[in-house]
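# Descriptive structure summary
These are the residues of each chain, in order.
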Amino acid sequence: KAGACGMKFGVESINPETLKNITKTWITKEKVKNFVNMVKEYGLWVHGDFIVGIPGDTKESLDEMIKFAIDLDLNTAQIYSAQPLPGTPFYNQCNAQGWLVAKKWDEYDGNYFSPVSYPQFSKKEIEEILKKFKVEWEMAAVGKLVVRPWKIVDYIKGRGLKYTFKKIKTIIKQRRKNHIYIAGA
């Protein structure tokens, strides 16, 4: 009745330790799965946001989150690095701990860069996992479309035709650049 076509929400993390650090302990894997299923029952597309490089993250917990994100029946996802913006408690924490390594605003691009580096989890490692997460999620999403091509309608409904073609073009360019090819595609 309201005219909604989809729902975007922040999963952010599934690691209990990480969630405790960002005071979002109410988020659980089970609640996320139930929410996605409920939204799907209403015929809406679902978009999930995931953050890489929050204090408490480990390579192992992020590998688990990648698998979890792929297994969810999301239509789209946004995956980016934690961004400690000036004036926020996270920024103050990163600055006080010496974790903040970004010196210029263009280093605050959560799509590609991490402005932080932790003693146990470096900027480079965070950026490598960020890229891995994006590539694996997109590979799985495209694979699902190959197996279930009618799902492209859900994607178009949620994002629009112009955006969909732009995204397909971007993915193709990225795959060529990274030499990533999908069998049969």
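To start, this report covers the structure provided alongside it. (Residues numbered from 1 in each chain as written. Predicted model: local features only at pLDDT ≥ 70, side-chain atom pairs only at ≥ 80, totals over all residues. Heavy atoms only, no water.)

A cluster of nonpolar side chains, namely Leu161, Phe165, Ile168 and Ile172, defines an oily patch on the protein surface of about 370 Å² accessible area. Within the secondary structure layout, Phe165 lies in helix α7 (residues 161-178). Phe165 sits in the exposed class, given a relative accessible area of 52%. (Patch = residues over 30% accessible without salt bridge, like charges linked within 9 Å, V, L, I, M, F, W, Y side chains within 5 Å. Areas by Shrake-Rupley, 256 points an atom, 1.4 Å probe, with all protein chains shown as cover. Salt bridge = Lys/Arg side-chain N within 4 Å of Asp/Glu carboxyl O. Helix = DSSP H or I, 4+ residues; strand = E, 2+ residues; numbered from the N terminus. Buried < 20%, exposed > 50% of the residue type's maximum accessible area, 1.4 Å probe, protein only.)

So, on to the environment of Val52. Note on placement: Val52 falls in strand β2 (residues 45-52). For the pair Val52 and Leu62, spaced 10 residues apart in sequence, the C-alpha separation works out to 7.2 Å. Aside from chain neighbours lying at most four places away, what touches Val52 is Asp57, Leu62, Ile79, Tyr80, Ser81, Ala82, Ile126, Ile129, Leu130 and Phe133. (Contact = heavy atoms within 4.5 Å.)

Taking 1.5 Å per residue, 13 residues should reach 18 Å; helix α2 (residues 29-41) reaches 18 Å between its end C-alpha atoms and fits that length. Buried residues of α2: Val32, Val36 and Val39, and no others. Relative to the axis of α2, the buried residues are bounded by an arc of 70 degrees and lie together on one face. Contacts from the buried residues of α2 go to β1 (6-12), β2 and α3 (59-71). Note on α2: the residue one or two positions beyond its end, Gly43, has a positive phi of about 75 degrees. (Expected span 1.5 Å × (residues − 1). Arc of directions from axis to C-beta.)

Attention shifts here to the sheet that holds strand β3 (residues 76-81). Taken in spatial order, the 3 strands line up as β1-β2-β3 in an open sheet, and their pairing is parallel. Of all strands in the sheet, those with a lone pairing partner are β1 and β3, marking the two edges. When strand polarity is set aside, the average angle formed by the axes of neighbouring strands in this sheet is 20 degrees. As paired strands, β1 and β2 are joined by 6 bridges and run parallel to one another. Note that in β2 the partner of Phe9 across the bridge is Gly48. (Pairing = 2+ DSSP bridges. Axes fitted to C-alpha atoms, helices over the stretch in contact; angles between N-to-C directions.)

None of this, on its own, says anything about what the molecule does.
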